[in-house]
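Structure assessment
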Amino acid sequence: IAASGLLAALAALLLLDQLRWQPWVMQAWLFVAVLALAPPRDPIRLLRWLIIGIYFHAAIAKIDHEFAHTLGQQFLGTLLHPIGVQLESIPVKTRLYLSLAFPIAELFVAALLCFRRTICMGVVAAVVMHLTTILILGPTGLNHAWGVLVWNLWLAIQTPVLFWPLPLPHDDGQPAWSPITVRNERQAASRYLAAIFLVGAAVLLPFTTRFGYWDTWPSWGLYAPGAERSTIWIHEIGVEKLPPELTEYVRGDQTWRLLQLDRWALDKLQAPLYPQNRVRLALANAIAAQADLGDLIRVEVDSPSNRRTGTRISHTLDDQRGITQFINGYWLNSAATR
């Protein structure tokens with residue numbers, strides 16, 4: 001009953017505002033759903049596969065040209081700085097290979113956790129990986145939001161709890177549940193299938209992300225700069241029309257000035273902005289409508305980067321009408337409600 005109440009509350013919060021669709025919230029929802037639906041013997045098995053899937057997709061999302069040339073370089077420089085090694089002193093090719101060591105290590109952890117003989121090594125590697133990530137992203141490193149650090153600390157605790165030689169309950173050949181009636185048995189079977197379906201969806205749907213059918217964060221694409229992106233520009237005349245809470249996030253002194261919605265989200269919501277273009281365009285469209293910007297707003301829309309070359313397909317939406325026409329091409333959830 002408690003788990004069902006929590007699931008309903010979280011689902012309502014997520015449905016009311018997609019900016020709440022943070023990866024750690026989605027993981028928490030899936031965890032509670034599995035614990036509520038699966039028979040007593042099976043939650044650990046399903047949660048293990050969910051964690052392996054998260055590690056796998058988080059790694060795959062970062063094994064590309066964009067990560068190796070941007071964020072991976074920042075991670076590497078931050079990690080080497082305390083030992084006195086300057087990033088510029090390392091040959092360019094070596095730097096690129098070392099940058100890719102971060103997602104490859106994550107992929108290696110996922111592989112180790114798949115097999116009984118290597119599961120202990122996988123747990124140790126996962127803890128080291130998360131502690132290293134905290135070192136890189138923490139106050140002495142890149143100083144990222146505290147929520148990211150807490151989540152990495154949670155993962156460093158959670159993985160040993162789920163995977164460390166903790167034998168699964170003995171399988172005595174009996175069903176995982178003990179139904180009293182046929183109806184109870186059917187209900188238990190239905191709940192178990194629902195739990196399997198949720199974990200299967202969380203692990204399999206991310207394979208469609210690069211084709212545009214699934215979002216980056218539900219695909220566990222964390223710190224993956226190769227995802228799609230958009231940049232919002234406001235004409236200097238339009239800046240004066242913006243609400244005061246947005247004016248402070250306008251940068252530049254040229255005719256067209258950058259509106260930093262990412263910075264606004266971090267400051268006002270204490271969380272990063274949802275990375276999909278349709279959400280950013282919905283916000284841009286709502287801002288344009290509220291401030292009556294018309295042709296005083298411009299948005300540059302970029303596709304996901306090519307894994308091997310980093311190139312993107314880009315085009316510019318020149319006014320509010322262009323933004324509206326573009327977001328009408330999305331299937332759903334491309335309009336801000338307030």
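Residues numbered from 1 in each chain as written. Predicted model: local features only at pLDDT ≥ 70, side-chain atom pairs only at ≥ 80, totals over all residues. Heavy atoms only, no water.

Focus: the nonpolar core
By size, the foremost hydrophobic cluster in this structure holds 60 residues, and its most contacted members are Tyr55, Leu261 and Leu293. Once you skip the residues sitting within four places of it in the chain, Leu261 turns out to touch Ile232, Leu246, Leu273, Leu283 and Ile287. Phe67, Leu71, Val148 and Leu149 belong to the second largest nonpolar core, which has seven residues in total. (Core = buried A, V, L, I, M, F, W, Y, C linked by side-chain atoms within 4.5 Å. Buried < 20%, exposed > 50% of the residue type's maximum accessible area, 1.4 Å probe, protein only. Contact = heavy atoms within 4.5 Å.)

Let's talk about the pattern of salt bridges
Counted according to the given criterion, the structure contains ten salt bridges. Across the salt bridge formed by Asp64 and Arg210, the nearest N and O atoms sit 3.3 Å from each other. Remark: Arg210 occurs in the loop between helix 9 (182–204) and strand 1 (229–235) and Asp64 occurs in the loop between helix 3 (43–62) and helix 4 (65–69); sequence separation between them is 146 residues. According to the relative accessible area criterion, Asp64 is buried, its value standing at 4%. (Salt bridge = Lys/Arg side-chain N within 4 Å of Asp/Glu carboxyl O. Helix = DSSP H or I, 4+ residues; strand = E, 2+ residues; numbered from the N terminus.)

A word on unusual backbone geometry
Backbone geometry places Tyr223, a non-glycine residue, at a positive phi of 50°. Tracing the backbone shows Tyr223 in the loop between helix 9 and strand 1. Of note, Gln270 is a non-glycine position whose phi angle comes to about 60°, a positive value. Assignment of secondary structure puts Gln270 in the loop between helix 12 (261–269) and helix 13 (277–291). On the basis of relative accessible area, Gln270 is assigned to the exposed category, the value being 52%.

Description of helix 6 (residues 92–112)
Because the α-helix completes a turn every 3.6 residues, residues three or four places apart line up on one side. Its 21 residues place the ends of helix 6 30 Å apart at the C-alpha level, agreeing with the 30 Å of an ideal helix rising 1.5 Å per residue. The sharpest bend along helix 6 comes to roughly 35°, located at Phe102, with the proline Pro103 sitting one to four residues further on. Among the residues of helix 6, those classed as buried are Arg95, Leu96, Ser99, Pro103, Glu106, Val109, Ala110 and Leu112. Buried residues along helix 6 sit against helix 3, helix 4, helix 5 (71–80) and helix 7 (119–137). (Expected span 1.5 Å × (residues − 1). Bend = angle between axes of the 7 residues up to and from the residue.)

Let's talk about the side chain of Gln18
Relative to the helices and strands, Gln18 resides in the loop between helix 1 (2–16) and helix 2 (23–37). Polar contacts involving the side chain of Gln18 include one to the side chain of Tyr274, which spans 3.4 Å. Once residues within four sequence positions are removed from consideration, Gln18 is found in contact with Asp215, Tyr274, Arg278, Val279 and Asn333. (Polar contact = N/O pair within 3.5 Å; in protein donor to acceptor, adjacent residues only side chain to side chain.)

Nothing here speaks to function; it is geometry throughout.
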